[in-house]
Each structure stands twice: as C-alpha cells, then as structure tokens.
Amino acid sequence: MIIKKVFLFIFTILLCSAIQGQTKIGELYQSKDYLTITAFADKESSLNGEELYMLGYAFFQLEKDDKAIEFYDKAIAKGFDNGVTHFYKGVSLTYLKKYDEAVKEIDMALQKEPNNQEYMNQKGLIYKSKGLEDKALDYFEEATRYPNTYGEPFFWVAYIHHGKQDYEKALKCYYVAAQKVPKNNSYYVATLQSIGQLEYTYTQNFEKSALAYAEAVARKTEDYKWYTKLIKAYNANKEFSKANDAFELLKVAYTNKEYSGKELKNKMVSIDEFEWKKHKLNVFKSLEDPKKVLDISYKVYLLNKSGEFNERTFTVEKTIQTQGGTKHLLCEEKKEVHLTYPYGWKTDTIALEDLKKAIVLILEDELKPTASSNFNGK
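Summarised in this report is the structure supplied together with it. Bear in mind the structure is a predicted one, so any value in this text is a computation, not a measurement.

## Some words on helix H9 (residues 152-163)
In this model, H9 (twelve residues) spans 17 Å end to end at C-alpha, consistent with the 16 Å of a helix rising 1.5 Å per residue. Taken across its twelve residues, H9 has ten buried, putting it largely inside the fold. Three or more residues of H9 are buried, namely Glu-152, Pro-153, Phe-154, Phe-155, Trp-156, Val-157, Ala-158, Ile-160, His-161 and His-162. Of the residues trailing H9, Gln-165 is marked for its positive phi of about 65°.

Set out below in structure tokens:
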C-alpha cells in the first residue's frame with residue numbers, strides 16, 4: 001500500500017511537471033518568445049506533436065530554416081500532420097531555395113485545406129522565386145478566386161502585370177487589391193505606393209496619385225523616402241501648401257537624424273519635375289536653411305532628351321541683403337563659370353511656380369546673366 005502511494009505521488013509530480021512544460025511552451029508561443037522556446041529543443045522526447053511544431057515555428061521565426069524543418073518533420077511523425085505544418089515547412093524550403101520540395105509541401109497543405117488562400121498564394125510565390133512569373137500569375141489568380149481570408153494574392157496579380165509593363169491592367173488590379181488586402185497587411189501600403197506611382201507616371205492623374213501616397217505615408221510615417229513622392233504629387237497637382245507641409249515634416253525628420261540615406265543629394269530632396277521642349281527638369285530643395293552667403297536652397301537640373309545626364313544646373317543662392325533688397329538670387333553652375341541672373345526673391349518664401357517660370361525664361365534666352373565668375377576665384 002505504501003509503495004502504491006509512493007508510485008502515485010511520483011507519477012503525479014512527473015505529470016504536473018510535464019503539464020507545466022507543455023503549458024509553458026504554449027504560453028511562450030502565444031507571447032512570441034521564440035528564443036526561449038528553442039531552449040526546449042533538447043527535451044523533444046517529452047513533447048507532443050503540437051509542441052514540436054511550435055519549436056519548428058520558433059526556429060523559423062529566428063531564420064533557422066533547417067532546424068525548423070527538422071522539428072516540423074518530428075511534429076508530423078508524432079501526429080501533428082495538418083495543413084499548417086506542411087505549409088510552414090514549404091515556406092522554410094522556399095527560403096532555402098528547395099523549390100520542388102517546397103511545392104510538394106504546399107500541395108500537401110492544400111490537400112488538407114483545399115480552400116486556403118494563403119497556401120495557394122505561397123505556391124505562386126514559389127514559382128515567382130524560380131523566375132516563372134507566368135506560372136506564378138496563374139496560381140495568384142487562382143488564389144484570388146478562393147474565399148478572401150488573406151488578400152495578398154490580389155497585390156501579386158497587379159505586381160506581375162506591372163512588371164510586364166501592362167500599366168493599365170496593373171493599375172486596375174491595384175485598385176482591386178486596395179479593396180481586398182487587409183489594411184494591417186504590409187502589402188496594403190505597397191499597393192497604395194504602386195497606385196501613387198502609376199497615377200503619377202502613367203495616367204498623370206496627380207490628384208489620385210497624391211491621395212494614394214498620402215494614405216501610404218500616414219500608415220507608414222517613418223518610411224521617409226515616400227514623402228518625396230507625395231511632395232512631387234502635391235506640387236504636380238498644384239497643392240503647394242500641402243507639399244510644403246509634407247516637406248516640413250521631412251525636414252524635421254532630417255534635423256532629428258531620423259532621415260538619412262543615399263537618396264539625399266547634397267542634403268537635398270526632389271520635390272518637383274517638369275518638361276521643357278522634351279527635356280525633363282528636376283527640382284531639388286535643401287533640407288537645411290541657407291545661413292550664409294552662397295548657401296543654396298534650390299537646385300534645378302536640366303536633363304538631356306534621353307534623360308541620361310545633366311546639361312545645365314541652376315541654383316537659388318543666398319546673397320547679401322540690403323534694406324528691402326533681394327535675399328536670394330537665381331544662378332547657374334556652368335562648367336567652371338558661375339552665372340548670376342537678374343532674378344531674385346526678397347523673402348525666404350520662394351514660390352515653386354515662380355522659380356520654374358524664371359528657369360524657362362533663361363532656357364528661352366529671355367533672361368540673360370548679369371554677372372559671372374570662375375569657381376577658382378579668377
């Protein structure tokens with residue numbers, strides 16, 4: 001009788017310990033503490049199939065796909081043989097570029113859950129990764145016909161048409177994606193950005209472009225490279241006040257060292273572009289206020305007709321201001337010569353349309369330089 005009680009006591013302790021271990025993995029999984037979960041890898045013999053799957057998923061989140069696959073296989077061997085396990089095994093195989101094996105796993109996942117949109121989307125992504133975009137498109141389009149629980153394939157359908165330069169169809173599909181992709185999915189913002197791009201470059205509907213970019217920026221406020229796209233769309237639509245407000249936000253981010261990168265040309269950002277006699281001109285504005293004489297607030301580049309290089313470079317420079325006189329002058333950097341034009345501004349507010357008008361006057365020889373100097377001071 002005593003032996004039986006001792007055995008029962010030991011069994012109860014072991015059972016409680018096992019239950020606590022299982023509960024802990026589940027709790028860690030729910031709290032996304034994946035690194036801690038991997039510490040249970042050496043206790044796999046005491047874990048059930050679902051817990052082994054959780055281990056595999058933890059390794060997957062830590063970008064250790066070989067280990068993830070190892071534990072997915074162990075989970076399947078212990079009876080956790082379902083769609084989600086085969087799906088994530090397929091995703092890991094995709095990252096390892098084992099595409100044929102990945103397709104087999106996704107097909108197994110689809111056999112278990114035939115109407116799963118995310119699984120079919122992943123099959124499209126595998127073929128896209130292989131460079132077979134036409135085949136990928138077939139699977140993405142098939143996924144859009146499934147119950148819409150995921151949304152992402154609608155983006156990829158548009159994206160592939162975009163890559164094929166079928167801009168009309170791509171734009172139409174992006175607008176469908178904007179309705180179908182959940183707003184908390186990263187591809188919703190990518191959809192808005194693509195709409196903004198095509199409305200700006202293809203349809204030249206600058207109002208729609210600005211609306212799309214504005215929502216994208218509002219949803220991803222720290223992705224600063226898209227602010228310049230928004231600013232250009234606002235300026236193209238003659239919403240200059242909104243463009244200035246967006247530029248000021250970008251300027252604050254730059255001052256706070258939150259915005260930096262290769263796209264900053266001489267601490268400037270592109271804010272507008274326009275054409276003159278089949279030449280494109282790009283307008284850049286400084287993120288730093290001009291403080292001393294010759295500091296530049298704007299640069300305007302005239303490209304050759306092929307758009308391959310700059311033919312001329314115009315600047316707006318701070319000058320010595322007399323009482324009520326000019327504060328900023330329009331100039332040109334021409335080879336080794338610096339030209340000054342009789343056109344300027346008495347305040348720090350320089351209207352974009354006025355600047356563009358002055359540049360056109362120069363290009364059409366209606367405005368001549370009144371002074372010149374060499375850059376070396378001679």
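## Section: the side chain of Asp-65
Among the structural elements, Asp-65 can be located in helix H4 (residues 65-77). Despite its burial, Asp-65 pairs with no opposite charge, the nearest such side chain being Lys-98 at 10 Å. Setting aside its immediate chain neighbours within four residues, Asp-65 contacts Phe-60, Ser-92, Tyr-95 and Leu-96.

## Things to note about the sheet that holds strand E2 (residues 279-286)
Spatially, E1-E2-E3-E4-E5-E6-E7 is the arrangement adopted by the seven strands of the open sheet, whose pairing is antiparallel. Two strands in the sheet have a free side with no partner beyond their single neighbour: strand E1 (268-276) and strand E7 (371-374). Here the average twist between neighbouring strands, direction ignored, is 25°. In this sheet, strand E6 (residues 337-345) lies alongside strand E5 (residues 328-334) in antiparallel orientation, the contact comprising six bridges. Looking across to E6, one finds that Glu-333 is bridged to His-338. Those strands touched by helix H15 (residues 352-363) are E1, E2, strand E3 (296-303), strand E4 (310-318), E5 and E6, and its axis lies near 50° from that of E1.

## Regarding helix H7 (residues 117-129)
Helix length check: H7, at 13 residues, gives a terminal C-alpha distance of 18 Å against a target of 18 Å (1.5 Å per residue), a fit within 8%. Buried positions along H7 lie against helix H5 (83-95), helix H6 (99-112), helix H8 (133-144) and H9. Its side-chain oxygen at 3.0 Å from the backbone nitrogen of Glu-118, Asn-116 defines the N-terminal cap of H7. Directly after H7, the chain includes Gly-131, whose backbone phi takes a positive value near 85°.

## As for the packing of aromatic side chains
Applying the stated criterion across every chain yields a total of 28 aromatic pairs. Where Phe-155 meets Tyr-174, the ring centres are 6.1 Å apart and the plane angle is 45°; that geometry is what we call tilted. With Phe-155 in helix H9 and Tyr-174 in helix H10 (residues 167-180), this residue pair connects regions lying 19 residues apart in the sequence. There is no split in this pair, since Phe-155 and Tyr-174 are both buried. Of the aromatic side chains, those joined through ring pairs into one cluster are Tyr-29, Tyr-34, Tyr-53, Tyr-57, Phe-60, Tyr-72, Phe-80, Phe-87, Tyr-88, Tyr-95 and Tyr-119. Above the face of the Phe-59 ring, Lys-67 is positioned so that its terminal group lies 5.6 Å from the ring centre. Above the ring of Phe-71, the side-chain terminus of Lys-74 is found at 4.8 Å from the ring centroid.

## Examining the pairing of E2
Among the eight residues of E2, seven are classified as buried, and the element is accordingly described as predominantly covered. With eight bridges joining them, E1 and E2 adopt antiparallel strand pairing. Looking at the pairing, Asp-272 lines up with Val-283 of E2. Taking the residues that link successive antiparallel strands as the turn, the E1-E2 hairpin has two residues, and the phi of Lys-277 there is positive, at about 50°.

## Quick notes on the environment of Thr-201
Tracing the sequence through the fold places Thr-201 in helix H11 (residues 186-201). Reaching out from Thr-201, the side chain makes a polar contact with the backbone oxygen of Gln-197 at a distance of 2.8 Å.

## Notes on the packing of H7 against H8
It is at 7 Å that the axes of H7 and H8 come closest, and there the two elements cross at 170°. When the axis of H7 is compared with that of H8, the two are roughly antiparallel. Contacts from Gln-117, Met-120, Asn-121, Lys-123, Gly-124, Leu-125, Tyr-127 and Lys-128 of H7 reach H8 at Glu-133, Lys-135, Ala-136, Tyr-139, Phe-140, Glu-142, Ala-143 and Thr-144.

Scoring rules and cut-offs
- Residues numbered from 1 in each chain as written.
- Predicted model: local features only at pLDDT ≥ 70, side-chain atom pairs only at ≥ 80, totals over all residues.
- Heavy atoms only, no water.
- Helix = DSSP H or I, 4+ residues; strand = E, 2+ residues; numbered from the N terminus.
- Expected span 1.5 Å × (residues − 1).
- Buried < 20%, exposed > 50% of the residue type's maximum accessible area, 1.4 Å probe, protein only.
- Lys, Arg positive; Asp, Glu negative; His and termini not counted.
- Salt bridge = Lys/Arg side-chain N within 4 Å of Asp/Glu carboxyl O.
- Contact = heavy atoms within 4.5 Å.
- Pairing = 2+ DSSP bridges.
- Axes fitted to C-alpha atoms, helices over the stretch in contact; angles between N-to-C directions.
- Polar contact = N/O pair within 3.5 Å; in protein donor to acceptor, adjacent residues only side chain to side chain.
- Phe/Tyr/Trp six-rings, centres within 6.5 Å; stacked < 30°, edge-to-face > 60°.
- Lys NZ or Arg CZ within 6 Å of the ring centre and 35° of its normal.
- Parallel < 35°, antiparallel > 145°, perpendicular 65-115°, else oblique.

Remember that the coordinates give geometry; whether it matters functionally is a separate question.
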